[in-house]
Amino acid sequence: MTGKTTLLPRPQDDGHAIDAEAVNSAAARALYKKRAPIYPKLAHGRFRTLKWAAMIVLLAIYYVTPWIRWDRGPMGPDQAVLVDFAGRRFYFFFIELWPQEVYYITGLLILAAVGIFLSSALFGRVWCGYACPQTVWTDLYIYVERLIEGDRAARMRLAKAPMSAEKLGKKSAKHALWLLIAAATGGAWVFYFGDAPTLLREIFTGTASVEIYLFVGLLTFTTYTLAGTMREQVCTYMCPWPRIQAAMIDKDALSVTYRRDRGEPRAPHKKGQSWDGRGDCIDCRQCVAVCPQGIDIRDGDQLECINCGLCIDACDEIMAKVDRPKGLIAYDAHENRLRRALGLKTRYRFVRPRTILYGVIFAAIAVAMSYALINRQTLSLDAMRDRSPPYVRLANGDVRNGYTVRIINKERRIRPVEISLHGLDGARLAAFGHETTPDNAIALDARADAVTTIRITVTAPQQVGPPHPIAFVIEDAGTGEAGRREAVFVAGGAR
Amino acid sequence: MAEDTREIDAETGRQTTGHEWDGIKELDTPLPRWWLYLFYACIAAAVVYWVLMPAWPMANGYTQGILHFSDRANVARDVEALHAARAPSFERLHAASYEQIANDPQLAEFARAAGESMFGDNCQTCHGAGGGGRSGYPSLADDVWLWGGTLDDIEHTIRVGIRSGHEGARLSQMPAYGRDNLLTRQQISDATEYVLTLSPVARANEHPSAPAAARGAGIFQEQCAACHGADAHGDRAQGAPSLTDNVWLYGGTRTEVRRQIEQGRGGVMPSWERRFDDGQVRALAVYVYSLGGGEAAAPAPAPQPAGATGTAVTPTATTAPAPAAPQTPAAP
């Protein structure tokens, strides 16, 4: 609490009210202000349950994924998801990507961006409220805090209390547990970049590389500070998404909304009192007390709001107790506020040009990426013409060009391949250390899951003239899979 | 600052600096604390750095730091490690015959890569990147060889050089017919016309005069055939190039051919025997061979007329009138 604003003495109201003040309330705003600590109260209800479920699933995915094994034969790593920087490969279950295929990752990032646009246009900032790592880990940290120090009131009391053995013990236990979680988080991160069981053993026996400890330490630090001590400040001050959300959310998008028309005028309420001439809001401030961002949703849509719906749970619980209909705070569209004021029926338009557009873009990218992935070539070649000398004139007047040819074999087996040339009459291929077949192709074994580089010379009775387009074609002698690469043959200018 | 300039701003509760410009006062806003702490942390890190790492210049050297970190030593160690890592491959290169190298893709790749780097450091200056050559410096990428294009021939040339002063150097010397007045200007002109008729490319570009060429034919047989051969196909034993192909060391124009007959130019290639060890020479030979012009070591076929297809079958030595006859000038 700011200390500057104190709540006015309030009349008795059945004990539902709580002493809570929004951290960003107009009265609490100052040019220079220290952060007001927030002690979110535990909410009970649908959205709290949903948040617990999301937290468990997402954390499980994060911590467990590196431990999933996947058989890739004797030559490949057996970790299902692995970013192998040293070997320059990305493994994801049955998919193995090479560095030059990083566009799949780009596609994934675009999908993520469009996906967050779409979810925002439909349901508001649900990403922020349920799935963002900042939210998930903050939730976990608050859970730990609550486990050790108790719920809101107890935590506030403890914070105010003078230092004692009990306070020191509780604080130490909390921070120790936080650090443990942070270390596990940093640890899990590095497991994505190396063999998890080996790394774990190395980390604990002190034999891991300095970089490993550095990254574990770094992520331990960021997890501890971001989820433990900075929390809502990350969302409010550091994250760009709250600024962008305004462009993604329109009058039809859902967001956590206080139904002003129903709630006002707000006033404390005593059992048995009449509800005539007043709103349903009993000003109990439970919605403020449970808010992890420390705001008052009744002030309207706010930059700080992460749309997690905990205030809905808190309010619904109170509404049930005072025997009023639930939904005073609910996921609602802005449009409906206006419609209610005009006495119109509320309406929810999930299908509208914006969502259709986002949906179509999302689907198009997903389809394009899947198509590209399914039809991904495992055999291809690059051909780079020698730049010096650009061409060689031979004794009999023929011209020779040299090409550095890189055969890219993405399969985990040695493949017999043949490279032939198309588009140049009378051309003859030769490669140092390799036979040329009678039908003028270079036959060789492409190394498994690697690039094989050979230098091929092309000799042809070519006249002086502009660069002549040619194409190298590679074919797997066994499976018939083929790749093609355009190049040019140069015979030079004068003489 | 005067005593009574201290002032508390009502709006923010902060002190002003006491400075005022046209009624605008400056708040004495403290640095953000995160910034300040970061600053202190940097200072602390710097002190730690001084202790651990080389930091302060002294009159006599510099403070070493307790870690004794040195980039120079690191590089030396890395280079040593690199040599150690390459050593086994060079060992194999020493031991292997050229045939074994060609049949071992890994070793061939290593030899080529090592050769390429040596070529770049030592040979490229004259022979050009990729062995493309230029006027006076033979191309190593074509199929024309003055002294032979098998791996063994190439290795020998690298070892002893050409006119290098090495006791086993490849030697040839074309007489300077003009400078030394061995032929008259008219005779040189006629011989030039004749030589221009021999090469398809020169014939096409320079349109040699038939009567002059006819006169020159006799001069050629008298003066030049001893080295270049009666049919002008050259002689590798003497390093005498074929004059019948399309490749000219000093250029196939009338001017250049004439100048060559007049001056008998010949270049010098150093002997590399003392610079490189056996493995390195082999790597270099493999690289040069692989540029495209390498000739099979098989039983050398009899000289064939130029114009035969393919890779360097002809022993036609390069390029134009370069080195030719041995010492004795044009003794018929």
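On a predicted model such as this, the values are computed, not experimentally measured, just so you know. The residue count restarts for each chain, going from 1 along the sequence in the order it is written. Each chain gets a letter, beginning with A, and each ligand a number, beginning with 1, in the order they are written. Side-chain atom pairs in this predicted model are given and counted only at pLDDT of 80 or more, local residue features only at pLDDT of at least 70, and totals for whole chains, interfaces and linings cover all residues.

Student: Would you take a moment to explain the overall build of chain A for this structure?
Tutor: To qualify as a helix, a DSSP run of H or I must reach at least 4 residues; to qualify as a strand, a run of E must reach at least 2; elements of each kind are numbered from the N terminus. The helix and strand tally for chain A stands at 15 helices and 14 strands. Note that the radius of gyration is over C-alpha atoms, with the globule rule given as 2.2 Å times the number of residues to the power 0.38. Whereas a compact globule of 495 residues would reach a radius of gyration of roughly 23 Å, chain A reaches 33 Å, over 25% beyond that. In terms of its C-alpha atoms, chain A occupies a principal-axis envelope of roughly 110 × 60 × 40 Å. Burial is judged by counting other C-beta atoms within 10 Å of a residue's own C-beta: 20 or more means buried, 12 or fewer means exposed, and anything between counts as partly exposed, with every C-beta placed from the backbone. Looking at chain A residue by residue over its 495 residues, the buried ones come to 30%. Within chain A, contacts between residues separated by at least 24 positions form 69% of all contacts whose residues are at least 6 apart in sequence. By definition, residues are in contact whenever their C-beta atoms, placed on the basis of the backbone, come within 7 Å of each other.

Student: Quick question: what am I supposed to make of unusual backbone geometry here?
Tutor: Phi is mostly negative for residues that are not glycine, and the peptide bonds are mostly trans. Residues and elements named next belong to chain A. For the bond running from E264 to P265, omega is -10 degrees, close enough to zero to count as cis. If you trace the backbone, P265 turns up in the loop between α11 (260–263) and α12 (286–290). In this model, S388 is joined to P389 through a cis peptide bond whose omega is -5 degrees. Looking at the element boundaries, P389 is found in the loop between β6 (379–385) and β7 (392–393).

Student: I tried to follow the packing of helix α6 (residues 165–191) of chain A against helix α8 (residues 210–230) of chain A on my own but got confused; where do I start?
Tutor: Angle between the axes and distance between the axes: these two values describe a pair of packed helices. Residue and element names in this part refer to chain A. Note on geometry: axes are C-alpha line fits, over the in-contact stretch for helices, and angles between N-to-C directions span 0 to 180 degrees. In contact at an axis separation of 7 Å, α6 and α8 are set at 135 degrees when each is read in the N-to-C sense. The angle between α6 and α8 falls in the class oblique. Two packed elements cross with a definite hand, and for α6 against α8 that hand is right-handed. Of the residues in α8, those in contact with W178, L179, A182, A183, T185, G186, G187, W189 and V190 of α6 are I212, F215, V216, G217, L218, L219, T220, T223, Y224 and G228. We call Asp, Glu, Lys and Arg charged. Ala, Val, Leu, Ile, Met, Phe, Trp, Tyr, Cys and Pro are nonpolar, and the rest, Gly among them, are polar. Considering only residue class, the contact of α6 with α8 consists of twelve nonpolar, seven polar and no charged. Orientation labels follow simple angle bins: below 35 degrees gives roughly parallel, above 145 gives roughly antiparallel, 65 to 115 gives roughly perpendicular, and whatever is left gives oblique. Crossing handedness is read from the near helix: turned anticlockwise from the far helix by less than a right angle, it gives a left-handed crossing, and turned clockwise, a right-handed one.

Student: Is there a simple way to think about the environment of D252(A) in this case?
Tutor: Among the secondary structure elements, D252(A) is positioned in the loop between α10 (241–248) and β4 (254–258). Ignoring anything within four residues of it in the chain, the contact list for D252(A) reads A333(A), E335(A), R349(A) and R352(A).

Student: How do you make sense of the pairing of strand β2 (residues 24–27) of chain B when you look at a structure like this?
Tutor: Within a regular strand, side chains alternate between the sheet's two faces. Residues and elements named next belong to chain B. The pairing of strand β1 (residues 16–21) with β2 spans three bridges and is classified as antiparallel. Along β2, the bridge assignment pairs T16 with L27. Adjacent in sequence and paired antiparallel, β1 and β2 are bridged by two residues, among which D22 carries a positive phi angle near 45 degrees. DSSP calls a pair of strands paired once it identifies at least 2 bridges connecting them.

Student: Hey, could you run me through the domain arrangement of chain A in this one?
Tutor: Where interface size is quoted, it is often the accessible area lost as the parts come together. Residues and elements named next belong to chain A. For the domains described, the bounds stem from an automatic or database domain assignment. Domain assignment breaks chain A into domain 1 (1–376) and domain 2 (379–489). One C-alpha centre belongs to domain 1, the other to domain 2, and the line joining them spans 56 Å. Across the contact, five residues belong to domain 1 and four residues belong to domain 2. When the residues that make up the side of domain 1 that touches domain 2 are grouped by side-chain class, the tally is two nonpolar, two polar and one charged.

Student: How should I be thinking about the sheet that holds strand β1 (residues 81–84) of chain A in this particular structure?
Tutor: Strand pairing in a sheet relies on backbone hydrogen bonds, with the paired strands running either antiparallel or parallel. Residue and element names in this part refer to chain A. In space, the three strands of this open sheet follow the order β1-β2-β3, with antiparallel pairing throughout. Single-partner strands in this sheet number two, and they are β1 and β3 (95–97). Pairs of neighbouring strands in the sheet enclose a mean axial angle of 10 degrees, with direction left out of account.

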